[in-house]
Amino acid sequence: MTGWSIAEAARVLLAAEDAGTARGPITEEWPGLDVRTAYAVQDEALRLRLARGEKLIGLKLGLTSKAKQERMGVDRPVMAWLTDAMVLPAADPLPKLIHPRAEPEIVFVLGARLAGPGVTAATAMAAVDRVYGGIEVIDSRYADFRFAAPDTIADNASSSVFRVGSVGVAPAGLDLTLEACLLEADGAIVDSATGAAVLGHPGEALALAANALAERGLALEEGWIVLTGGLTDAVPISSGARIAAHFTSLGSITLAG
Ligand code: OOG
Ligand code: MG
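A short tour of the structure in this document, coming up.

Calculation criteria
- Residues numbered from 1 in each chain as written.
- Chains lettered and ligands numbered in written order.
- Predicted model: local features only at pLDDT ≥ 70, side-chain atom pairs only at ≥ 80, totals over all residues.
- Near = placed C-beta within 6 Å.
- Helix = DSSP H or I, 4+ residues; strand = E, 2+ residues; numbered from the N terminus.
- Nonpolar A, V, L, I, M, F, W, Y, C, P; charged D, E, K, R; others polar.
- Contact = placed C-beta atoms within 7 Å.
- Buried ≥ 20, exposed ≤ 12 C-beta atoms within 10 Å, placed from the backbone.
- Expected span 1.5 Å × (residues − 1).
- Pairing = 2+ DSSP bridges.
- Axes fitted to C-alpha atoms, helices over the stretch in contact; angles between N-to-C directions.

### Digging into the site of ligand 1
Part 1 of the argument: Contacts to ligand 1 come from 15 residues, most closely from G62, K68, S158, G229 and G230.
Part 2 of the argument: Put simply, the parts of the chain that give the shell around ligand 1 at least two residues each are β1 (56-62), α3 (66-72), β4 (128-138) and β8 (225-230).
Part 3 of the argument: A breakdown of the residues in the shell around ligand 1 according to their chemical character gives five nonpolar, six polar and four charged.

### Notes on the environment of L48
Part 1 of the argument: Of note, L48 is situated in helix α2 (residues 35-51).
Part 2 of the argument: Residues L48 and R11, 37 residues apart in the sequence, show an inter-C-alpha distance of 8.3 Å.
Part 3 of the argument: The contacts of L48, once residues within four sequence positions are left out, are A10 and L14.

### Observations concerning unusual backbone geometry
Peptide bonds are mostly trans, and most non-glycine residues show a negative phi.
Part 1 of the argument: A cis amide bond links G116 with the next residue in sequence, P117, at an omega value of 0°.
Part 2 of the argument: On the secondary structure map, P117 appears in the loop between β3 (101-110) and α4 (121-126).
Part 3 of the argument: Even without a glycine there, the phi angle at L63 is positive, about 55°.
Part 4 of the argument: Within the secondary structure, L63 is located in the loop between β1 and α3.
Part 5 of the argument: For L63, a count of 23 C-beta atoms within 10 Å corresponds to the buried category.

### As for α2
Part 1 of the argument: Helix length check: α2 (17 residues) gives 24 Å between terminal C-alpha atoms against 24 Å at 1.5 Å per residue, within 8%.
Part 2 of the argument: Inspection of α2 places A38, Y39, V41, Q42, E44, A45 and R49 among the buried residues, and these make up the whole buried set.
Part 3 of the argument: Elements that come into contact with the buried residues of α2 comprise α1 (6-19), β2 (78-83) and α5 (149-154).
Part 4 of the argument: Looking one or two residues beyond α2, the residue adopting positive phi is G53, at roughly 105°.

### Focus on the sheet that holds strand β10 (residues 242-247)
Part 1 of the argument: With respect to topology, four strands assemble into an open sheet ordered β7-β6-β10-β11, the strand pairing being antiparallel. Both outer strands of the open sheet, β7 (188-194) and β11 (252-256), are each paired with one neighbouring strand and no more. Here the strands of the sheet are splayed against their neighbours by 15° on average, with no regard to which way each runs.
Part 2 of the argument: The pairing of strand β6 (residues 180-185) with β10 spans five bridges and is classified as antiparallel. Residue pairing for β10: L183 is matched across the bridge by A245.

### Some thoughts on the environment of G251
Part 1 of the argument: Within the secondary structure layout, G251 lies in the loop between β10 and β11.
Part 2 of the argument: Distance in space between the C-alpha atoms of G251 and A80 is 26 Å, their sequence separation being 171 residues.
Part 3 of the argument: If sequence neighbours within four positions are ignored, G251 has contacts with G133, G165, S166 and V167.

The structure is reproduced here in structure tokens:
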């Protein structure tokens, strides 16, 4: 296809998500899609989501752990928008998706606005009201999850739905570098990590987001949910699968495929 534009890429990727169909990487057809342009595609897709009634509720980071970067072959963290339509309440079944994968994440809810530049992990953590465990379900709109960094950024970093646990803890009561997570699939422990897997401390991911948003004239807002990125490699969710993430202090989160 010729005639790619920010608006066209946003429309195509949102349509693929709505239809549940995968496609090839856009960068193969539009080599001009660089990281900066890809964030503009993401922002345009957010505009379309808001226009259809979704509400902006926060932000996700991705590719913040070595496990995730090595699996995806992309060595830089990415950010993407979260809307209320992506929240998967505890009682709800998983919607029909293309090729969902589950990953355990440490989740922050902000008690104050957080604006860069110059935010450190310590100042970032001072803006956190509560810490939760969560499971993010990623579902790339690219066949076989094959993409370059600009592709996945344009695709809202493979967002689909996420579930946040019911145990919220004040950050002062936690050592997030040591907060451990066991990832269980169909009764077997398939992976494990501690919070240190995310850039040494998940507060580093929050600081990175605040500083990167500042370059685009944006900030993290009070009340926002922030997913700090998969602690481990993501596990494919086959039909009927039972996935659970068990955290030391943040409870357990379960999901049925
Ligand atoms: C990109 C999104 C990664 C995470 O937590 O690392 C992500 C992908 O792997 O498809 O959400
Ligand atoms: Mg994730």
